[in-house]
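Fold and geometry: a report
Chain by chain, the residues run as shown.
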Amino acid sequence: MKHKKIWFSLVVGSCVLWAGPNGPVDGGSIAPQATGDIHITGTQTVAEEGKCSYNEYIITGTITGTDDDTGKGQDIVQFVLWDDGTLKDEANVTVDVGETIPINVVLSFKGLYGTGAPGVGVGAPEIDGGYIDPFYPEDVNGSCPRNGITKCWVTPHITRAGGRVTFNAEIIGKAKIVALYNGNNPVKIGKRLVKLTDPDGDNIYSVTYRIPRSTLPTGPWLFDYKVRAVGNWKGDDWCPGIRVRH
């Protein structure tokens, strides 16, 4: 679909107020000041469950600083994303006056864009032609990620008995317990289960464990370390770990 650019302007004293169908830009008080050559692309990922739908817009190209916003010879160029009168996301790029730099700005919000106004308003209002309202993103199909283990890795991926290994598991959803297993047997230090934890809340669970020197090749399960996760999903989730060399 060909994107249309619609501007509304009102002269008040020496200030030009700008607005589009989706809302004013920075309170409606920015007139084109910077220069640049930018390109806007956008997608709206539509999932069966609305909570997993989202909008993402990528702004690339170059900008040139023309206005000293800081008093130190720097131009602050604002990039905004509006939808139905609500500022959904924004970012600032600082460039020295007279300098031209490449940009790669990503603006996004969760959910589908509203229907009160056509499309969204996105771009850099300070750049002549750098803000488009309405802009229509391309619809793409999406889905909600399943809960449970999505990825596992170990460092190093091969070791010998006595070596230290860090086991990692990326998990979506609330995990009740994430533990290290050797074959079908839970790994313990004394009576304590060796668990993977996520102290910083980034959904990456990990634990560093020293492979016992007493591990002997008396059965295949002794070589097979893996991770088991139990959480708010059906059944248990497993992922492979490492095999111990002897």
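Keep in mind the model is a prediction, meaning the values are calculated, not measured. (Residues numbered from 1 in each chain as written. Predicted model: local features only at pLDDT ≥ 70, side-chain atom pairs only at ≥ 80, totals over all residues. Heavy atoms only, no water.)

1. Points about the state of the cysteines
Inspection of every chain in the model, using the stated rule, returns 1 disulfide. The disulfide that involves Cys152 links it to Cys239, with 1.9 Å between the sulfurs. Sign of the S-S torsion, about -85 degrees for the bond between Cys152 and Cys239, identifies this disulfide as left-handed. With Cys152 in strand 12 (residues 148-155) and Cys239 in strand 21 (residues 236-245), this residue pair connects regions lying 87 residues apart in the sequence. Judged by relative accessible area, which is 7%, Cys239 ranks as buried. (Disulfide = S-S within 2.5 Å. Helix = DSSP H or I, 4+ residues; strand = E, 2+ residues; numbered from the N terminus. Buried < 20%, exposed > 50% of the residue type's maximum accessible area, 1.4 Å probe, protein only.)

2. Some points on the pairing of strand 19 (residues 204-210)
Here strand 19 shows one buried face, formed by Tyr205, Val207 and Tyr209, and one open face, formed by Ile204, Ser206, Thr208 and Arg210. Where strand 14 (residues 164-172) and strand 19 come together, 7 bridges link them in antiparallel fashion. Among the inter-strand pairings, Arg164 is bridged to a residue of strand 19, identified as Arg210. (Pairing = 2+ DSSP bridges.)

3. Some words on the environment of Val154
Following the sequence through the fold, Val154 ends up in strand 12. Note on Val154: relative accessible area 16%, which makes it buried. When the C-alpha atoms of Val154 and Asn168 are compared, they prove to be 5.9 Å apart, with 14 residues separating the residues in sequence.

4. Quick word on the pattern of salt bridges
This structure, assessed with the given rule, holds 1 salt bridge. Arg228 is paired through a salt bridge with Asp236; the nearest N and O atoms lie 2.8 Å apart. By relative accessible area, which is 36% here, Asp236 ends up partly exposed. (Salt bridge = Lys/Arg side-chain N within 4 Å of Asp/Glu carboxyl O.)

5. Things to note about the sheet that holds strand 4 (residues 35-47)
Taking strand neighbours across the sheet as the criterion, the 4 strands line up as 8-5-4-11 in an open arrangement whose pairing is mixed. The open sheet terminates on both sides in strands that have one partner only, identified here as strand 8 (100-110) and strand 11 (138-142). Geometrically, the sheet is characterised by an average inter-axis angle of 20 degrees between neighbouring strands, direction not taken into account. Where strand 4 and strand 11 come together, 5 bridges link them in parallel fashion. Residue Val46 lies in a different strand from strand 11, and its bridge partner there is Asn141. (Axes fitted to C-alpha atoms, helices over the stretch in contact; angles between N-to-C directions.)

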